[in-house]
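Each chain, letter by letter, is given below.
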Amino acid sequence: MKSLKSLLLFLYFTIPLSGFSQTSTITGVLRDSTTNNPLPFATIALFKSKAALPLKATFTDESGKFSVSADTGSLVVVFTYVGYAEKRIPITLSTNESKNLQAVLLTSLAKSLGSVTVTASKPLIEQTDDKIIFNVDADPSTKTENALDILRKTPFVSVDGNDNITVNGQSNLKILLNGRETGMFSQNVSQALKSFPGASIVKIEVITNPSAKYDAQGVGGVINIVTQKQIIGYNGSASLTLSSIHNTFGNFNFNLKKGKVGVSVNYFYNAIGLLGNQAPPFFAYSKTEAINSQTYNTRILDGTTIQQLFQNFGNAEISYDLDKYKTISVYGSVTGGFNNLATATSIETIFPTTTTTSFLTLQNNTNSPNYNVGSDFIKKFKDIPEKEFSIRLFTEYSKNDRFLDSYQDNPEIDRYIINNNYAHNTQTTLQSDYILPLKRKQKVETGLKLILRNATSDYESLIKTRPIDDYTILPTNTNNFNYQQQVYSAYGSYNFTLKKFPFRLGLRMEHTEVDGNFKGTETAVRQSYTNFIPNVQTSTQITKEYKIILSYGQRIQRPFINNLNPFINNNDTLNISYGNPLLKPQLIHNLTLQNNFAKGKVFAGLTLLGSYSNNKIIQIINFNKETGVTSTVSENLGLESQLNLNGNITVNFSKAWNMSVNSNLNYTHIKNSADKRQQNSGLAGFIGVSNNFKVNPKFSISTFVGNFRPPIGLQGYTSSQWFYNITPSFKLFKDKITVTVAAARFITKYVTVKTIQNDVNFRSENLNSFQARNFRIGMIWNFGKLKENVSRKKGVSNDDVL
């Protein structure tokens, strides 16, 4: 391991010293042919005569000037700028010759680019060698939806009826915002995504086989939600959406680029059941049948839950171009709010000779504020736009305080319980990356990363049996858990072409140190392990339209602190859950074969993925037939094999109609490594069809219909669900205002999701019902002027995730 570290460190610190020797220079200034104004940050590409690929590319500076070093011979200089006609100038250079093109004039395609935004026709789905892109802003129906709704339409991503998210059938994944980690998704991911308005999302990138550059965490892959639009000038938007189920969310964002300074501000909120408007209740019914039990035969719970929620999130970023090639940015975000659930449940317990009825009232309040701040320094290099060096620092502080107050009215002894859990987490990340393009389509990437995590969980459990009594502490469920984790990472990746076959070879090393202890019981948890994560990818262009991509990679999933925390949720005496401090990281192997076809107005992709894990973290449900207690705990006991067949096709039938079909077929086989009798297998999957109809420039209609069934689990399965909506959109006031009306799942008012769990000692049926019928109306106001997209300058772009 020491030799590998030494090699990576040597590559990391010596590769930046290499470069290219150039003998000739091309200079000049690029201007508007009408106004004679300089054109900043325009693209200058240098081609060999009759060559299809550029030798190199660069950009003009703030005053429109450019300087390109070049080899000798016959060349073509190509100038491009958004809103202007392309210009090509053939030249011939001799050794050590400098050629000044003086003023190069570009002709504007239009006298004005408009007062709000410039929109190009984008396909709904795009696919590259390493990711698939869902262009959210090309689908008008997303303007009144939230991020979770949009993920249901995204290829390779599935969301079941209980809002659990999977990528390629895997539930362990990483979600980024504009290429960065954020505390917003560190706790309740599904709830955070439901609070995220679709009007602020530009696109969603799904990376199913991340390169060695990415953290090994997240076995299913990486989802990157992109919101920012880098511009010269300013623009912004404000949106508000109201729904018939009393769910309101709004968003405001503002982007400014003036001179060397860029500013981006974003704020959104989500509210459910506030201001006297009660949200529709959730209904939960469960029936547990005990097999050969020494206690009860059947236990039936029938409950109703009312939710009140308010979440808001704000982030800001300021970037400064130190010069043409160096950019520094500082960013931060704040998340806050509450989620309160009030549940009333009747409990019927059937014994061999009698039946008892009790009632459980539970108030579950959660408060999860989060604060983070970070800074990036990115350096580009003259004449080699893809060459880049960056240093990033990120610090996050979060809390997840949970308060559960329950009262169980029993036939004999009543039970009052208060469970309080105060969880705090601090995380600091230092990362540095270096990208070096070489000749003959070669590229080297290398980097180092350090993550320091410090988490505490101070939990207590209080109990009494009469309302007049004082609460007493339950010592067995009261403790203070301290948890420290350090992750040291280094990676190297090499891209090259061998006989027309492009290859990407990568290796990432991650060393993890864990130190945890329980102060009350003096119990220690210490782990130290090193993972080497290989990554290999190659592709071949069979025809001009058809491409095949083959890749292999490994991913790991470290247990979250909630999985490790041994705190026992015992509000229901016969149904408890707790964490496992002895959990180890999960390792999974992925082998992927992608088939991409693109011709004219048709894009199609078919991907076959095989995965295997022999230590999957799974939830085990145990039923004690002597006490009647059902307990749920996580264990490294899963032996799981999966096959996934993902298909997607996008067709632009005309300028007024495009359609996209996404589908997935999943086969899972899973068994308990500690009890081979406990195993399960079966098929699952989804299919979704989206249509966009542009009736006229001001009016469009979008539709979506889909069915989804989540992958089976070790001890059961969950039923399928239909999703559908129709969304008309209207543009008003010179396209500055967009009004969107949506009708979602309107055929039936309530939808019920059934989950079956069974074992040798029990069988349970759970029915969760919620109001699915939902009518929404939203309005978006766009403002500002867009002069020129500068996302080509990778140092200030978030198109590529970290």
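Residues numbered from 1 in each chain as written. Predicted model: local features only at pLDDT ≥ 70, side-chain atom pairs only at ≥ 80, totals over all residues. Heavy atoms only, no water.

**Q** Break down the overall build of the chain for me, with residues and values.
**A** The number of helices and strands found in the chain is 4 helices and 44 strands. By sequence separation, contacts in the chain at least 24 residues apart represent 65% of the contacts at least 6 residues apart. As presented, the chain carries roughly 35500 Å² of accessible surface, and 58% of it is formed by carbon and sulfur atoms. (Helix = DSSP H or I, 4+ residues; strand = E, 2+ residues; numbered from the N terminus. Contact = heavy atoms within 4.5 Å. Areas by Shrake-Rupley, 256 points an atom, 1.4 Å probe, with all protein chains shown as cover.)

**Q** Which residues make up the sheet that holds strand β1 (residues 24-32), and what are the values?
**A** Reading across from one edge, β4-β1-β7 is the order of the 3 strands in this open sheet, with mixed pairing throughout. The open sheet is flanked by β4 (65-70) and β7 (98-106), the only strands paired with a single partner. Sheet twist, expressed as the average angle between the axes of neighbouring strands with direction ignored, equals 20°. (Pairing = 2+ DSSP bridges. Axes fitted to C-alpha atoms, helices over the stretch in contact; angles between N-to-C directions.)

**Q** Account for a nonpolar patch on the surface, naming residues and giving values.
**A** Together, L550, L591, L593, L606, L608, L643, L645, L665, Y667 and L683 line one region of the surface with nonpolar side chains, adding up to about 870 Å² of accessible area. At the level of elements, β33 (586-599), β34 (602-623), β35 (630-654) and β36 (657-672) are the ones that each hand at least two residues to the nonpolar patch. Note on placement: L608 falls in strand β34. (Patch = residues over 30% accessible without salt bridge, like charges linked within 9 Å, V, L, I, M, F, W, Y side chains within 5 Å. Salt bridge = Lys/Arg side-chain N within 4 Å of Asp/Glu carboxyl O.)

**Q** Explain the packing of aromatic side chains to me, using residue names and the numbers behind them.
**A** Across all of its chains, the model carries 22 aromatic pairs by this definition. Plain terms: the ring middles of F252 and F783 are 6.3 Å apart, the flat faces sit at 20° to each other, and that makes the pair stacked. Highlighted residues: F252 in strand β16 (residues 247-258) and F783 in strand β44 (residues 774-789), separated in sequence by 531 residues. With a relative accessible area of 36%, F252 lands in the partly exposed category. We classify F783 as buried; its relative accessible area is 15%. Ring geometry for F653 and W657: centres 4.1 Å apart, planes at 25°, overall stacked. We classify W657 as partly exposed; its relative accessible area is 30%. Put simply, the rings of F252, F254, W781 and F783 touch in pairs and so form one group of aromatic residues. A cation over an aromatic ring shows up here: R88 above the ring of F47, its NZ or CZ 5.9 Å from the ring centre. (Phe/Tyr/Trp six-rings, centres within 6.5 Å; stacked < 30°, edge-to-face > 60°. Buried < 20%, exposed > 50% of the residue type's maximum accessible area, 1.4 Å probe, protein only. Lys NZ or Arg CZ within 6 Å of the ring centre and 35° of its normal.)

**Q** Can you explain the nonpolar core? Please cite residues and give values.
**A** L151, I165, L193, I201, I204, I223 and I225 are the most contacted members of the largest nonpolar core, which has 26 residues in total. Considering every element that reaches this core, the biggest residue donor is helix α2 (residues 147-151), with 4 residues. Among the nonpolar cores identified, the runner-up in size contains 20 residues, and I44, Y84, L93 and L101 belong to it. (Core = buried A, V, L, I, M, F, W, Y, C linked by side-chain atoms within 4.5 Å.)

**Q** Please set out the environment of T327 residue by residue, giving values where relevant.
**A** Tracing the chain through its elements places T327 in strand β20 (residues 326-350). Within the structure, the side chain of T327 is placed 3.0 Å from the side chain of D321, a separation counted as a polar contact. (Polar contact = N/O pair within 3.5 Å; in protein donor to acceptor, adjacent residues only side chain to side chain.)

**Q** So what's going on with the side chain of N658? Which residues, and what values?
**A** Its place among the elements puts N658 in strand β36. By relative accessible area, which is 18% here, N658 ends up buried. Not counting the four nearest positions on each side in its chain, N658 is found in contact with V651, N652, F653, S690, N691 and N692.

**Q** Break down the pairing of strand β23 (residues 384-409) for me, with residues and values.
**A** Relative to β23, strand β21 (residues 355-367) runs antiparallel, the two sharing 9 bridges. Residue Q363 lies in a different strand from β23, and its bridge partner there is D405. Taken together, the 12 bridges between strand β22 (residues 370-381) and β23 define a ladder with antiparallel strand orientation. Pairing of N370 across the sheet is with S398, part of β23. From the end of β22 to the start of β23, which pair antiparallel, there are 2 residues, and D383 there has a positive phi angle of about 70°. Where β23 lies against strand β24 (residues 415-438), 21 bridges are found, and the strand directions are antiparallel. Bridged to I391 within β24 is S432. Here β23 folds back onto β24 in antiparallel fashion, the turn holding 5 residues.

**Q** Give me the confidence of the model for the chain: which residues, what numbers.
**A** Predicted coordinates in regions of low pLDDT should not be interpreted in detail. Looking at the chain as a whole, the pLDDT averages 83, with 88% of positions reaching at least 70. Overall, residues 1-22 carries pLDDT values under 50, and its contacts beyond four positions in sequence, including any with other chains, amount to 36 contacts. Taken as a whole, residues 786-802 scores under 50 in pLDDT and shows 63 contacts with residues more than four places along the chain or in a different chain. (pLDDT = per-residue confidence, 0-100.)

**Q** If you had to explain the pairing of strand β31 (residues 569-572) to someone new, which residues and values would you point to?
**A** Taken together, the 2 bridges between β31 and strand β32 (residues 575-577) define a ladder with antiparallel strand orientation. By the bridge assignment, D572 is partnered in β32 with N575.

**Q** Pulling in residues and values, what's your account of the pattern of salt bridges?
**A** Tallied over the entire structure, the rule returns 17 salt bridges. Here K203 makes a salt bridge to E205, at a shortest N to O gap of 3.6 Å. A relative accessible area of 12% means that K203 is categorised as buried. We note a salt bridge from R677 to D675, for which the minimum N-O separation is 3.1 Å. Judged by relative accessible area, which is 24%, D675 ranks as partly exposed.

**Q** Talk me through unusual backbone geometry; I want residue IDs and the actual numbers.
**A** Although it is not a glycine, K500 sits at a positive phi angle of roughly 70°. Assessed through its relative accessible area of 77%, K500 is described here as exposed.

**Q** Kindly report on the side chain of N691, identifying the contributing residues and their values.
**A** Within the secondary structure, N691 is located in strand β37 (residues 675-696). A polar side-chain atom of N691 sits 2.8 Å from a polar atom in the side chain of W657. With near-sequence residues (within four places) excluded, N691 lies in contact with W657, N658, M659, I701, S702 and T703.

**Q** Can you tell me about the environment of F394, naming the residues and giving the values?
**A** Considering the arrangement of structural elements, one finds F394 in strand β23. The class for F394 is buried, based on a relative accessible area of 8%. Each C-alpha atom of the pair F394 and D376 lies 8.7 Å from the other, and the pair is 18 residues apart in sequence. Among all residues touching F394, those that are not within four sequence positions of it are E181, Y331, N372, V373, G374, Q427, T428 and T429.

**Q** Can you break down the environment of S63 residue by residue, with the values?
**A** Within the secondary structure, S63 sits in the loop between β3 (56-59) and β4. When the C-alpha positions of S63 and F41 are compared, they lie 8.8 Å apart, and in sequence the two are 22 residues distant. Among all residues touching S63, those that are not within four sequence positions of it are V29 and P38.

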